[in-house]
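Architecture and fold: a report
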Amino acid sequence: MKSFVKTVSNTFLPYTFSYRLRQLYRQQFGRLKHDPSEQDIVIYEIQPQVLIKVYWKILPIGKGPALELIVSGDHILRFDCFGEDDGHYHIFSGYEYPDRDRIYFPEKTVTEQINRTIFELNHNLSCFLQLHRSRDIRNLKIDAVALKSICEQARQQMLYYLLTVPQFDDLRIPNSQNSEPLPLKTA
């Protein structure tokens, strides 16, 4: 159904209307709701219509904990902490074909990538919101105190997945070093 709505809207409507139609569809049927069989998803509400979704996944391109920021049913950011050479994040700005681009983490270990994820949310979220096509998202003010609290909970949940999911045994021991990396310091 999702691809049908996207195909029809892209074929018959100008992109501005097509984008708005897909946004309304996502709000009603999409990303704010999840499949009950997805037992590993934890959703944190920062404020109304602003959510952080934490989960883990195993894909052909990598495996590890992941975090998404969702505003009004629209993906804004997704961080895939897959470890050395595979960890990356996406910035969804509401323009055509945003998910083709990956920004790779310079950090090598999954723990460092999780810390970078939380740093980016705490310090650069307003910049990421300014990149979005929607004026409502660009003008959104995020409660900094709630964000910091939720980010710490999300970090703990991502570390929990890293330490407890059996398929992540190889991600727990960094290839390049034997000791656990130091946590990222935030001001």
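The structure contained in this document is the topic of the report that follows. (Residues numbered from 1 in each chain as written. Predicted model: local features only at pLDDT ≥ 70, side-chain atom pairs only at ≥ 80, totals over all residues. Heavy atoms only, no water.)

The next subject is the pattern of salt bridges. If the charged atoms of two oppositely charged side chains come close together, the side chains can form a pair. Scanning the model with the defined rule gives seven salt bridges in all. Across the pair Asp80 and Arg78 runs a salt bridge whose closest N-O atoms are separated by 3.4 Å. Here the two residues Asp80 and Arg78 agree in accessibility, since each one is buried. Between Glu107 and Arg116 there is a salt bridge whose closest N-O contact spans 2.9 Å. Members of the salt-bridge network, linked through shared partners, are Lys57, Arg78 and Asp80. (Salt bridge = Lys/Arg side-chain N within 4 Å of Asp/Glu carboxyl O. Buried < 20%, exposed > 50% of the residue type's maximum accessible area, 1.4 Å probe, protein only.)

This paragraph deals with unusual backbone geometry. The phi angle at Gln49 is positive, at roughly 70°, despite the residue not being glycine. Relative to the assigned elements, Gln49 resides in the loop between strand S1 (42-47) and strand S2 (50-59). Judged by relative accessible area, which is 41%, Gln49 ranks as partly exposed. Phi is positive for Asp85, which is not a glycine, with a value near 70°. Along the chain, Asp85 turns up in the loop between strand S4 (74-80) and strand S5 (88-91). Assessed through its relative accessible area of 63%, Asp85 is described here as exposed. (Helix = DSSP H or I, 4+ residues; strand = E, 2+ residues; numbered from the N terminus.)

Turning our attention to the sheet that holds strand S6 (residues 103-104). Spatially, S1-S2-S3-S4-S5-S6 is the arrangement adopted by the six strands of the open sheet, whose pairing is antiparallel. Each edge of the open sheet is held by one strand with a lone partner, namely S1 and S6. Relative to S4, strand S3 (residues 62-71) runs antiparallel, the two sharing six bridges. In the strand pairing of S4, Leu69 is matched with Leu77. Those strands touched by helix H3 (residues 110-130) are S2, S3, S4 and S5, and its axis lies near 155° from that of S4. (Pairing = 2+ DSSP bridges. Contact = heavy atoms within 4.5 Å. Axes fitted to C-alpha atoms, helices over the stretch in contact; angles between N-to-C directions.)

As a further point, take the pairing of S2. Taken across its 10 residues, S2 has seven buried, putting it largely inside the fold. Direction of pairing for S1 relative to S2: antiparallel, over a ladder of five bridges. Following the sheet pairing, Ile43 is matched in S2 by Lys53. As consecutive antiparallel partners, S1 and S2 are separated by two residues, and within that stretch Gln49 has a phi angle of approximately 70°, a positive value. Where S2 folds back on S3, the antiparallel hairpin that results is connected by two residues.

In the contact formed by H3 and helix H5 (residues 144-164), the axes pass within 10 Å of each other and the chain directions differ by 165°. In terms of orientation, H3 lies roughly antiparallel with respect to H5. Where H3 crosses over H5, the handedness of that crossing is right-handed. Across the interface between the two elements, Val110, Thr111, Ile114, Asn115, Ile118, Leu121, Asn122 and Leu125 of H3 pack against Leu147, Lys148, Cys151, Arg155, Met158, Leu159 and Leu162 of H5. Broken down by class, the residue content of the contact of H3 with H5 amounts to 10 nonpolar, three polar and two charged. (Parallel < 35°, antiparallel > 145°, perpendicular 65-115°, else oblique. Left-handed = near helix turned anticlockwise from the far one by under 90°. Nonpolar A, V, L, I, M, F, W, Y, C, P; charged D, E, K, R; others polar.)

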